[in-house]
Amino acid sequence: MEVTDNMAAVEPLKHTLGEPIIAMEHVVKRFGKLVALSDVSLEVRKGEVLMIVGPSGSGKSTLLRCINHLEVPDGGKVIIDGIDLTAGRTNINKVREEVGMVFQGFELFPNLTVIENVCLAQRVVRKRSKAEAQGIAMDLLKKVGIPEKANNHPAQLSGGQQQRVAIARALAMQPKIMLFDEPTSALDPEMIKEVLDVMLDLAREGMTMVVVSHEMGFARAASNRVIFMDHGSIVEMNEPNELFNNPQHERTKLFLSKILSH
Amino acid sequence: MAATGVSTNQSVALKRTLNFGLQLLGALLIIVLVPIAFGMQWRNFEPLLDGITLRFLLFGVVATVVVSLVAIILSLPLATGLALGRLSPIAAVRWPSIAIVEVVRSLPLLLVIFYVNLRFPLIDKLENLKLGNPDSFFGIELDRLLSRGALAVAIALTVYTAAVNAELLRSGINSLDRGQTEAARSLGLTYWQTMRLVILPQAFQRILAPLIAQFTILVKDTSLGSIIGFVELQRRAVILYQRDFNPMEALFVVALIYFAVNYLLGLTSKLVERKRPSVHVTVPEF
């Protein structure tokens with residue numbers, strides 16, 4: 001099978017997975033009459049990398065956004081690290097501190113420099129000193145490979161660089177979970193690899209990751225499981241090679257044939 | 001490349017100098033031509049040039065500028081509160097904000113000034129403060145600045161400008177990508193931290209030009225105070241021409257002063273914009 005493969009040379013990872021850290025039970029989300037998620041249940045364990053694929057409108061982004069409560073589910077339970085997000089009086093901000101998110105459109109703060117972007121939440125949420133926050137920020141910018149851009153504004157960076165800063169910004173909070181919402185969809189092809197490389201490093205370090213993406217190479221190289229979603233439901237869930245090479249459902253076959261046939 | 005770079009820089013500098021020269025020329029032409037066109041006479045300017053009269057006018061400028069600054073500074077947090085209120089998901093906050101903004105915006109400013117002047121809780125208490133020494137020039141001017149009329153104008157302009165700018169700010173906030181809020185919230189920032197550190201700085205940057213334009217309107221509208229006994233610049237022109245019978249000339253001088261004040265205000269917007277260049281778009285120089 002032909003694959004658009006940005007990760008061809010990388011050996012698949014073998015994780016030792018920990019306790020469940022994300023649990024979704026019968027989650028329902030509607031937008032007006034549209035049912036975005038219908039009765040989705042899911043468990044993600046510590047250190048696991050979970051990929052979500054599916055056609056647009058299948059509910060994969062909504063599923064991701066329910067994990068840090070950017071979307072409020074209409075029914076069911078979302079439990080993050082033992083805290084029930086759907087149980088009324090939970091402090092959502094406390095949970096969000098532990099869950100980093102990377103967006104398709106980067107969403108760096110254009111009024112701040114790169115290092116200020118990475119320091120902002122550290123200073124106001126984690127209450128770190130300026131020196132400590134900047135130290136952590138510089139370490140992370142080195143890790144994502146662009147320490148020299150620290151004092152630039154986001155608009156002066158390429159898309160790939162901006163997305164790497166966005167990853168650094170999320171990591172600066174030392175989250176337990178990282179969510180990626182189509183992190184490479186807005187990037188030119190030659191910039192996709194630099195972002196995926198950073199994500200792969202994270203996966204190797206044992207970060208719990210939920211990734212909405214169609215990067216099959218990354219799925220094979222880094223993910224433990226792949227979920228195929230359609231019409232707001234999980235159609236199929238399996239190890240990446242199993243799901244891509246040997247899909248069980250017709251809809252999965254059809255979808256994969258469309259995205260893999262080029 | 002380098003050569004063209006230098007020549008573009010030079011031509012930009014040349015254009016700027018040319019532009020400034022043209023503006024200066026235009027201003028001089030107005031100062032010379034308008035008095036001629038309206039048949040003003042030099043001897044009618046002469047009574048305005050005496051020391052006491054100039055001081056009288058100067059403190060008119062002070063009164064106008066102080067009341068304007070007070071209204072501008074007080075209107076900013078109020079406008080921010082009304083804009084955020086109107087965007088609030090909480091109905092008990094949203095509806096009063098909508099009501100205040102819509103009602104105040106649809107009233108004539110003069111009516112608001114009259115209304116505040118007639119009865120406003122604080123005004124009656126502050127009316128006869130009389131802090132200044134009535135025998136000294138500064139004492140008289142201080143009391144003019146703390147007069148009922150000045151207070152009424154400051155309050156009315158604060159409320160009115162806040163209502164107008166609330167809508168401006170709301171459009172600025174709405175023009176930002178929703179992802180900005182989501183990114184900030186996903187980092188664990190609270191609603192207020194998100195607004196204060198991420199959304200409002202960007203929104204204010206986007207609306208800076210129309211915001212300053214609204215403030216120049218505010219400066220001009222202080223002249224409405226002349227009707228309710230606030231002795232500001234416009235009122236002083238009237239007092240002077242009733243003494244010297246030179247309305248054309250007195251009003252012309254005051255017009256130049258208003259222009260100068262608002263031109264300086266406009267310059268501040270350019271300065272702020274140059275200090276924090278828009279990071280999204282680079283506007284080419286023409």
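Worth saying up front: this structure is predicted, and the values here are computed from it rather than measured. (Residues numbered from 1 in each chain as written. Chains lettered and ligands numbered in written order. Predicted model: local features only at pLDDT ≥ 70, side-chain atom pairs only at ≥ 80, totals over all residues. Heavy atoms only, no water.)

(A) How the structure looks around the packing of aromatic side chains. All names here are of chain B. Scanning all chains against the criterion turns up eight aromatic pairs over all chains. Seen from their ring centres, phenylalanine 59 and phenylalanine 138 are 5.7 Å apart, and the 75 degrees between their planes marks the pair as edge-to-face. Of this pair, phenylalanine 59 sits in helix 3 (residues 51-86) while phenylalanine 138 sits in helix 7 (residues 137-145), placing them 79 residues apart in sequence. Taking 5.5 Å as the distance between ring centres and 75 degrees as the angle between the ring planes, the aromatic pair formed by phenylalanine 137 and phenylalanine 138 counts as edge-to-face. (Phe/Tyr/Trp six-rings, centres within 6.5 Å; stacked < 30°, edge-to-face > 60°. Helix = DSSP H or I, 4+ residues; strand = E, 2+ residues; numbered from the N terminus.)

(B) Quick peek at the packing of helix 3 of chain B against helix 7 of chain B. Residue and element names in this part refer to chain B. Put simply, helix 3 and helix 7 touch, their axes get as near as 10 Å, and they point 30 degrees apart. As helix 3 packs across helix 7, the resulting crossing turns out to be right-handed. Where helix 3 abuts helix 7, its residues Arg55, Phe56, Phe59, Ala63 and Val66 lie against Phe137, Phe138, Glu141, Arg144 and Leu145. By residue class, the composition of the contact of helix 3 with helix 7 is seven nonpolar, no polar and three charged. (Axes fitted to C-alpha atoms, helices over the stretch in contact; angles between N-to-C directions. Left-handed = near helix turned anticlockwise from the far one by under 90°. Contact = heavy atoms within 4.5 Å. Nonpolar A, V, L, I, M, F, W, Y, C, P; charged D, E, K, R; others polar.)

(C) Geometry of the side chain of glutamine 202 of chain B. By the element assignment, glutamine 202 of chain B lies in helix 10 (residues 191-206). Within the local environment of glutamine 202 of chain B, its side chain forms a polar contact with the side chain of glutamine 180 of chain B, the two groups lying 2.8 Å apart. (Polar contact = N/O pair within 3.5 Å; in protein donor to acceptor, adjacent residues only side chain to side chain.)

(D) The interface of chain A and chain B, seen in detail. At the junction of the two partners, chain A supplies 23 residues and chain B supplies 22 residues. When the two sides are added together, the surface that chain A and chain B hide from each other amounts to roughly 1900 Å², 59% of it contributed by carbon and sulfur. Where chain A packs against chain B, one counts one salt bridge. Applying the counting criterion to the chain A and chain B interface returns four residue pairs in polar contact (both at pLDDT 80 or more). Looking at the side of chain A that touches chain B, the elements with two or more residues in it are helix 2 (92-98), strand 6 (99-102), helix 3 (114-124) and helix 5 (159-171) of chain A. (Buried area = accessible area lost by both parts, 1.4 Å probe. Salt bridge = Lys/Arg side-chain N within 4 Å of Asp/Glu carboxyl O.)

(E) Here's a closer look at the nonpolar core. Ranked by internal contacts, the top residues of the largest apolar core, which has 83 residues, are Ile22, Met24, Ile80 and Val210 of chain A together with Leu189 of chain B. Considering each element in turn, this core owes the most residues, 13 residues, to helix 8 (residues 148-174) of chain B. Membership of the second largest hydrophobic core comes to 54 residues, among which are Val114, Ala172, Met199 and Phe244 of chain A. (Core = buried A, V, L, I, M, F, W, Y, C linked by side-chain atoms within 4.5 Å. Buried < 20%, exposed > 50% of the residue type's maximum accessible area, 1.4 Å probe, protein only.)

(F) Fine view of the pattern of salt bridges. Scanning the model with the defined rule gives 21 salt bridges over all chains in all. Among the salt bridges present, the one from arginine 225 of chain A reaches glutamate 48 of chain A, with a minimum N-O distance of 2.5 Å. Placement of arginine 225 of chain A in strand 9 (residues 225-230) and of glutamate 48 of chain A in the loop between strand 2 (34-45) and strand 3 (49-53) is noted, with a sequence separation of 177 residues between them. Glutamate 141 of chain B is the partner of arginine 144 of chain B in a salt bridge, and the nearest nitrogen-oxygen pair spans 3.1 Å. Of this pair, arginine 144 of chain B and glutamate 141 of chain B are both found in helix 7, three residues apart, which corresponds to roughly one turn of the helix. Exposure remark for arginine 144 of chain B: the relative accessible area of 26% places this residue in the partly exposed category. Glutamate 141 of chain B gets classed as buried once you look at its relative accessible area, which sits at 6%.

(G) View of helix 3 of chain A. The buried fraction of helix 3 of chain A amounts to nine of the eleven residues, a majority that puts the element mostly inside the structure. For helix 3 of chain A, the full list of buried residues reads Val114, Ile115, Asn117, Val118, Cys119, Leu120, Ala121, Gln122 and Val124 of chain A. Against helix 4 (130-143) and helix 5 of chain A together with helix 10 of chain B lie the buried residues of helix 3 of chain A.

(H) Structural context of helix 10 of chain B. Of all bends in helix 10 of chain B, the biggest is about 45 degrees, found at isoleucine 199 of chain B, and the proline proline 201 of chain B comes one to four residues later. Among the residues of helix 10 of chain B, Gln193, Thr194, Met195, Val198, Ile199, Leu200, Gln202 and Ala203 of chain B are the ones counted as buried. Contact partners of the buried residues in helix 10 of chain B: helix 3 of chain A together with helix 3, helix 8 and helix 9 (178-186) of chain B. (Bend = angle between axes of the 7 residues up to and from the residue.)

(I) Inspection of the pairing of strand 10 (residues 233-238) of chain A at higher detail. Residue and element names in this part refer to chain A. Direction of pairing for strand 9 relative to strand 10: antiparallel, over a ladder of five bridges. Counterpart to methionine 229 in the pairing with strand 10 is isoleucine 234. Counted between consecutive antiparallel strands, the loop separating strand 9 from strand 10 contains two residues, among which histidine 231 sits at a positive phi close to 50 degrees. (Pairing = 2+ DSSP bridges.)

(J) Examining the sheet that holds strand 2 of chain A more closely. Residue and element names in this part refer to chain A. Here four strands make up an open sheet; going across it, the order is 2-1-4-5 and the pairing antiparallel. The open sheet has two edge strands with one neighbour each: strand 2 and strand 5 (83-84). Here helix 1 (residues 60-67) sits on the sheet and contacts strand 1 (20-31), strand 2 and strand 4 (75-80); the angle it forms with strand 1, its principal contact strand, is near 125 degrees.

(K) Local environment of the environment of aspartate 81 of chain A. Residue and element names in this part refer to chain A. The topology assignment puts aspartate 81 in the loop between strand 4 and strand 5. Spatially, the C-alpha atoms of aspartate 81 and alanine 23 are 8.4 Å apart, while their sequence positions differ by 58 residues. When sequence neighbours within four positions are dropped, the list of residues in contact with aspartate 81 reads Ile21 and Lys176. At 2.8 Å, the side chain of aspartate 81 and the side chain of lysine 176 are in polar contact.

(L) A look at the sheet that holds strand 6 of chain A. All names here are of chain A. On the basis of which strands lie adjacent, the open sheet formed by six strands has the order 6-7-8-3-9-10 and mixed pairing. If you trace the sheet from one side to the other, it starts and ends with strand 6 and strand 10, each paired once. The sheet shows a mean angle of 20 degrees between the axes of neighbouring strands, taken without regard to direction. Along the sheet, helix 1 contacts strand 3, strand 6, strand 7 (177-181), strand 8 (208-212) and strand 9; its crossing angle with strand 7, the most-contacted strand, is approximately 150 degrees. Across the face of the sheet, helix 9 (residues 250-260) comes into contact with strand 3, strand 9 and strand 10 while running at roughly 100 degrees to strand 9.

(M) Structural view of a nonpolar patch on the surface. Residues and elements named next belong to chain B. On the surface, Leu18, Phe20, Leu22, Leu24, Leu25, Leu28, Leu29, Ile31, Val32, Leu33, Ile36 and Leu256 cluster together into a nonpolar patch covering about 1200 Å² of accessible area. The leading source of residues in the nonpolar patch is helix 1 (residues 2-37), at eleven residues. Of note, leucine 22 is situated in helix 1. (Patch = residues over 30% accessible without salt bridge, like charges linked within 9 Å, V, L, I, M, F, W, Y side chains within 5 Å. Areas by Shrake-Rupley, 256 points an atom, 1.4 Å probe, with all protein chains shown as cover.)

(N) Fine view of the pairing of strand 2 of chain A. Residue and element names in this part refer to chain A. Across eight bridges, the pairing between strand 1 and strand 2 is antiparallel. Looking at the pairing, proline 20 lines up with arginine 45 of strand 2. Here strand 1 hands over to strand 2 after two residues, with glycine 32 in that stretch at a positive phi of 65 degrees.

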